[in-house]
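Listed below, chain by chain, are the residues.
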Amino acid sequence: MDHLDELENQSIFILREAYKNFKNLAMLWSIGKDSTILVWLARKAFFGHCPIPLVHIDTTYKIPAMIEYRDHYAKKWGLNLVVGKNQKALDEGMNHEKGRIVCCEALKTQGLQCIMDEHGYTGLILGIRRDEEGTRAKERYFSPRDKNFEWNFKDQPPELWDQYKTTFADDTHIRIHPILHWTELNVWEYILREKIPIIDLYFATPEGKRYRSLGCAPCTGTIDSNAKNVAEIVEELKHNTTTSERSGRAQDQENTYAMQKLRARGYM
Amino acid sequence: MSDNGNNLDLSSRLMRLVIVGHVDHGKSTLVGRLLSDTGSLSDGKLEFVKDICEQQGKTFEFAFLLDALQEEQEQGITIDTSQIFFDTPKRKYVIIDAPGHKEFLKNMVTGAADAEAALLLIDAKEGVQEQSRRHGYILKLLGLTQVAVVINKMDLVDYDEKVYSKIKTEYTDFLESLGVEAREFIPVSAKLGVNIAELKDEMPWYKGPTVLNMLDQFEKKPRPDHLPFRFPVQDVYKFDERRIIAGRVESGKLKVGDRVIFSPSSKQAVVKTIEAWSVPEQPNVATSSESIGFTLDEQIFVERGDVCTLMDELPIVSTTFDANVFWMGKRNLEKGRKFTIKLNTQEVECEVHEFKKAIDASTLETLSNQDHIAKNDVAELTLKTRSPVAFDLFGSIASTGRFVLVDEYDVCGGGIITTYSPTTKEDKLRDEVRTRDFNWIKSDIKPEERAYRNGHRAALILITGEPGSGKGPLARTLEHNLFQNNFQSYLLDRRNVNLGVSADLSESTVEDESARRLGEVAKLFLDAGHVVISTSNAFHKEDQEDLRLLANPYQVIEIQVTSQPTGEPDITLSLDEAQDAKAASTKIQDFLKEKKILMGHNYSI
């Protein structure tokens, strides 16, 4: 059993715990590499099936290729896709020019809140990882949110011996993070090994640019890279790991504790 | 990050390491220093943190690299566990920085529980403190015995060897009392980078390894493939035509064709396939740490919580056992209150049966005559579960010998099972029954074949109730009606068993022992495929539980004739209803049909 097998087995265990313990569960699929490997891991955990609905929060500012990719694979893999939108905020003209944090909260966090209310989801599976940024490093695999979606990071449940918080008061919900322990390099190594089809925005253009993290078009930048396929990305990451993965994500740099503030209020 | 050009699978040697110790003894500083000295920080991270310090008018500290939460940086203490990746030329590490503040013990436990080795930090100037001891104890309880002690802030005591030796002696004594041996005591200054990555000149008297050298000497824990096979069932899936038993192999190996047994139910079957999706070839063996699924040759009832093992390596099944427990709850752990125990995938209500010893974990003092423990303390105690659980002793198979306790919605304690000796009558009987079942010589005629011939499955029907309620006539009518319908019915009267099989019992032993003998005789009739009917005035709850235990896996149906039902009978008949034995007998037969015990004859197939 190599390291990727260990990661995979642990994630499958967590997905199965989630599926068993939460009656109304959904998985967030942002179309990025992390949540796409989550879909893959779910199919491994459930022997070719994905019994958990996939929620995509459409801010309408997503890079168009992401929507094409989403619809193609949702059909091909027989996924139950649920698309959510904060129509009210969009109608009122919300966009990133009103402030990146304000926009993220309105279109993503509240967009998510709406769809969770609508479907009554009590558990939400997300593809976040500890190595992405400092605040996420402090997450749990099973992380409670109160009725206002708030994350009380000062009083998190203990997690030991793969026993997770699976009981909770009404009007709270649980976020489940099955790939919390993976690194960016692990994700790409796994994509390479499993031959998981991944959206080509991650691959370098002839001009030597690629996305390392995907988000909304106005707030997501490319990095300089010549990595044209998965194997080349793995090599690139092995030799150049001193730039942070989310360096192309504008909202993180907005101010000192931007990410903590966003996440405490329910951001993914 | 280094690239040593070694093509061996470097990533497979990831080492999980936790750093613990008293608050403010410099854990985060040490981690920050390790990151910086191994070149593991991303570009701009150092500058970013330095900028923040400047904005807030603070001096830069390495700890800020780790303490990502605003509150952590403002208060200068780690609140939650951080996990940071870095590597040395030898291997990769994930380093877990656990908070040292007493308030955050649960976060420390979270960090330490899945580490393979630990560094315990002690401030040279402050010496051994409350959390130094408590963390030492918790590490031991978590089964983490690969420990090195780092004596930090040596710069504040002029790199004095005497200070080092004094702490070393004091803490060695403490660890010895726990049965733990520290691998090394390393004097360092994390802030100034002394003896972290390089041995510096400040302490020529120290000849041991640097912190990084020490880390590289820690050993990876071998996977428990050599231990008995343990597979707690996580779930049973029926997404397509396959009925897949899903779970993780905690220890040992499983092969296609193995005969497996599920505890506590003792049901058996043979593994038909090991299932997997998107793999080069279908596996026929599974080993520890693998999350797998398999199908069985027979459709037996299996559910989450059952522990699957091989026939000759059974787990213990009991409702009582001794454990060492640490407590993190806001409310006390005390007698008389119900908690939920989560042991692998088993989840059962439990309570403390007896406090053997309550201990203050910061001093190791026994809190005498105390039948509760408060937050941050530990205890040796006996737990009693509402229904039997399957487990091992922590010392033999760690992953099936540990559990957490849930109070209301929250995980509030953790524990390891230290000893088991059947103390209650029920546990003793269960042990006996299990031994009987595993050694039972089975007939070549399968129970299903008998059921097909008889038109019914074997079952024990217990008619209970107050004296004079008409149970006897009802039992006789039922036996007769079943017989008339060509079913194999037999009325097993307890008096007859007492007259013969139990004739040797004296007055003092007859009460317990006669129920056991009745159960064993009933078991023989059940094995022969009969519908056994039994009735007695003397049936009380305990006897009934014994009979159920003895009759397992055959179904036991309780018919209670009473005006005030107790327990959970399958059918309750009022005294009036029981008077009309014929109608009551029909009602019982309808129920047996509904439960698919009476299936009807079908010789034409």
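Residues numbered from 1 in each chain as written. Chains lettered and ligands numbered in written order. Predicted model: local features only at pLDDT ≥ 70, side-chain atom pairs only at ≥ 80, totals over all residues. Heavy atoms only, no water.

**Quick notes on the sheet that holds strand 4 (residues 123-125) of chain A**
Residues and elements named next belong to chain A. Stated precisely, the cut-off is as follows: Think of it this way: DSSP has to see at least two bridges between two strands before they count as a pair. Numbering of helices and strands starts at the N terminus; helices are DSSP runs of H or I of at least 4 residues and strands are runs of E of at least 2. Whenever a helix is involved, its axis is fitted only over the stretch in contact; in every case the axis is a line through C-alpha atoms, and angles between N-to-C directions fall within 0 to 180 degrees. Contact definition: two residues touch when any of their heavy atoms are within 4.5 Å.
Spatial strand order, 3-2-1-4-6-5: six strands in an open sheet with mixed pairing. Lying at the two open borders of the sheet, with one neighbouring strand each, are strand 3 (81-84) and strand 5 (142-145). Pairs of neighbouring strands in the sheet enclose a mean axial angle of 30°, with direction left out of account. The sheet contacts of helix 5 (residues 100-119) involve strand 1 (25-28), strand 2 (54-57), strand 3, strand 4 and strand 6 (173-176), and relative to strand 2 the element is tilted by about 140°.

**Points about the domain arrangement of chain B**
Residue and element names in this part refer to chain B. Note the cut-off: Segment limits for the domains were obtained from an automatic or database-derived domain assignment. Buried area is a sum: the accessible area each of two parts loses on coming together, probed at 1.4 Å, counted once for each and added. By convention in these notes, a salt bridge is any Lys or Arg side-chain nitrogen within 4 Å of a carboxyl oxygen on Asp or Glu. Side-chain atoms alone can form a polar contact between residues adjacent in sequence; in general such a contact is a pair of N or O atoms within 3.5 Å, and within protein one must be able to donate a hydrogen while the other accepts it. In this classification, the charged set is Asp, Glu, Lys and Arg, the nonpolar set is Ala, Val, Leu, Ile, Met, Phe, Trp, Tyr, Cys and Pro, and all remaining amino acids, among them Gly, are polar.
Here chain B is described as being made up of domain 1 (10-217), domain 2 (224-310), domain 3 (316-424) and domain 4 (447-594). Listed by partner, the interface residues are 16 residues for domain 1 and 16 residues for domain 3. A buried area of about 1400 Å², summed over both sides, lies between domain 1 and domain 3, and 67% of it is on carbon and sulfur atoms. Counting the surface domain 1 buries against domain 3, the share from its top three residues, Arg134, Tyr137 and Leu141, is 44%. The interface formed by domain 1 and domain 3 contains one salt bridge. Arg134 is the partner of Asp377 in a salt bridge, and the nearest nitrogen-oxygen pair spans 3.8 Å. For the pair domain 1 and domain 3, the number of links is one residue pair in polar contact (both at pLDDT 80 or more). When contributions to the side of domain 1 that touches domain 3 are tallied by element, the ones reaching two or more residues are helix 4 (105-113), helix 5 (130-141) and helix 6 (161-178). Counting residues per element, the side of domain 1 that touches domain 3 draws most heavily on helix 5, at six residues. Looking at the side of domain 1 that touches domain 3, its residues break down into eight nonpolar, two polar and six charged.

**Notes on unusual backbone geometry**
The phi torsion of most residues other than glycine is negative, and most of the peptide bonds are trans. All names here are of chain B. To keep things clear, this is the line we draw: The classification of residues rests on relative accessible area computed with a 1.4 Å probe and restricted to protein chains. Under 20% of the type maximum is buried, over 50% is exposed, and intermediate values are partly exposed.
A cis amide bond, omega 0°, links Ser263 with the succeeding residue Pro264. In this model, Asn552 is joined to Pro553 through a cis peptide bond whose omega is 10°. By the secondary structure assignment, Pro553 is in the loop between helix 13 (541-551) and strand 27 (555-561). Despite not being glycine, Ser266 has its phi angle at roughly 65°, a positive value. Relative to the assigned elements, Ser266 resides in the loop between strand 10 (259-263) and strand 11 (267-275). In this structure Ser266 comes out as buried when scored by relative accessible area, which is 15%.

**Comments concerning the nonpolar core**
Filter applied, for reference: Residues grouped as a nonpolar core are buried Ala, Val, Leu, Ile, Met, Phe, Trp, Tyr and Cys residues, joined through side-chain atoms within 4.5 Å.
In this structure, Leu160 of chain A together with Val18, Leu119, Leu139 and Phe326 of chain B are the most contacted members of the largest nonpolar core, which totals 77 residues. Here this core spans two domains, since at least three of its residues come from each of domain 1 (10-217) and domain 3 (316-424) of chain B.

**Here's the deal with the packing of aromatic side chains**
Operational definition: Each aromatic pair joins two rings of Phe, Tyr and Trp (for Trp, the six-membered one) with centres within 6.5 Å, and gets the label stacked for planes under 30 degrees apart, edge-to-face for over 60, and tilted for any other angle.
All chains considered together, the criterion is met by 29 aromatic pairs over all chains. When the centroid spacing of 5.4 Å and the interplanar angle of 75° are considered together, the rings of Phe46 of chain A and Tyr237 of chain B count as edge-to-face. Within this pair, whereas Phe46 of chain A is found in the loop between helix 2 (33-45) and strand 2, its partner Tyr237 of chain B is found in strand 7 (residues 231-237), the two belonging to separate chains. By relative accessible area, which is 0% here, Phe46 of chain A ends up buried. Ring centres 5.1 Å apart and planes at 25° place the aromatic pair Tyr237 of chain B and Phe239 of chain B in the stacked group. Members of the aromatic cluster, joined through ring pairs, are Trp29, Trp40, Tyr69, Tyr73 and Trp77 of chain A together with Trp277 of chain B.

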